[in-house]
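Structural overview for review
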Amino acid sequence: MMKIVWNGAELSCGEDSVRLDGRELALSRMERKLLLYLARHPDTVLSRERLLREVWEYELPGATRTVDTHVKNLRARLGGLGDFIVTVRGVGYRLDTGAGRADGHRRVRRPAAASGRKTAS
């Protein structure tokens, strides 16, 4: 089981389960596989095509919306930690671990308008 710590939250990723601060998250099999793949390649930009090939184990031109949908669902299930799955426009996704910073922590925020979230006025 792979363990990742972001901003004090511990994420344990395994083939059969994902735990966030000790509580199990309800993820689909493909969401678990996607998260585990991202975790095994931290801070690496992964194209949608590569994710389809490596996580879904098939190549289907034009099927990259499948990846986008699973990433969207995974971000929602991870709550605030979902912000660490960063979209690299026109390419794919990257799991941002904050590597290279002195404190090892980085908070990534998507603009409220782009993410569909409402902000308090």
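Residues numbered from 1 in each chain as written. Predicted model: local features only at pLDDT ≥ 70, side-chain atom pairs only at ≥ 80, totals over all residues. Heavy atoms only, no water.

1. Here we look at the nonpolar core
- Judged by nonpolar contacts, the single largest core of 30 residues is most densely connected at Leu 11, Leu 34, Leu 35, Leu 51, Leu 78 and Ile 85.
- If you list the elements that add at least two residues to this core, you get β2 (9–13), β3 (18–20), α1 (29–40), α2 (48–56), α3 (64–78) and β7 (92–95).
- Top contributing element to this core by residue count: α1, with seven residues.
- Setting aside residues up to four positions removed in sequence, Leu 35 forms contacts with Leu 11, Cys 13, Val 18, Leu 27, Leu 74 and Leu 78. (Core = buried A, V, L, I, M, F, W, Y, C linked by side-chain atoms within 4.5 Å. Buried < 20%, exposed > 50% of the residue type's maximum accessible area, 1.4 Å probe, protein only. Helix = DSSP H or I, 4+ residues; strand = E, 2+ residues; numbered from the N terminus. Contact = heavy atoms within 4.5 Å.)

2. Examining the sheet that holds strand β5 (residues 46–47)
- If you walk across this open sheet you meet the three strands as β5-β7-β6, and the pairing is antiparallel. Looking at which strands have only one partner, the edges of the open sheet turn out to be β5 and β6 (85–88).
- Pairing of β5 with β7 involves two bridges; the strand directions are antiparallel. Across the sheet, residue Leu 46 finds its bridge partner in β7, namely Tyr 93.
- Lying on the sheet, α3 is in contact with β6 and β7; it crosses β6 at an angle near 150 degrees. (Pairing = 2+ DSSP bridges. Axes fitted to C-alpha atoms, helices over the stretch in contact; angles between N-to-C directions.)

3. Points about the environment of Ala 9
- The residue Ala 9 is located in strand β2 in this model.
- Separated by eleven residues in sequence, Ala 9 and Leu 20 place their C-alpha atoms 7.0 Å apart.

4. Notes on the confidence of the model for the protein
- Of the residues in the protein, 79% reach a pLDDT of 70 or more, and the chain-wide mean stands at 78.
- When mean pLDDT is compared element by element in the protein, β5 scores highest at 96, while helix α4 (residues 112–115) scores lowest at 40.
- Here residues 100–121 scores under 50 on pLDDT; set against residues more than four positions off or in separate chains, the count is 26 contacts. (pLDDT = per-residue confidence, 0-100.)

5. What about α2?
- Of the positions making up α2, those classed as buried are Arg 48, Leu 51, Leu 52, Val 55 and Trp 56. What you see down the axis of α2 is that its buried residues fit within an arc of 100 degrees, all on one side.
- Where the residues of α2 are buried, they touch α1, β5, α3, β6 and β7.
- Within two residues after α2, Glu 57 carries a phi angle of roughly 65 degrees, on the positive side. (Arc of directions from axis to C-beta.)

6. Section: the packing of α2 against α3
- Running from N to C, α2 and α3 cross one another at 80 degrees; their axes reach a closest spacing of 9 Å. Here α3 runs roughly perpendicular to α2, going by the angle between their axes. For the pair formed by α2 and α3, the contact residues are Arg 48, Glu 49, Leu 51, Leu 52 and Trp 56 on the first element and Thr 64, Thr 66, Val 67, Asp 68 and His 70 on the second.
- By residue class, the composition of the contact of α2 with α3 is four nonpolar, three polar and three charged. (Parallel < 35°, antiparallel > 145°, perpendicular 65-115°, else oblique. Nonpolar A, V, L, I, M, F, W, Y, C, P; charged D, E, K, R; others polar.)

7. Topic: the environment of Arg 48
- The residue Arg 48 is located in helix α2 in this model.
- Along the primary structure Arg 48 and Gly 92 are separated by 44 residues, whereas in three dimensions their C-alpha atoms are 4.9 Å apart.
- When residues no more than four places from it in sequence are discounted, the contact partners of Arg 48 are Thr 64, Val 67, Asp 68, Thr 87, Val 88, Gly 90, Val 91, Gly 92 and Tyr 93.

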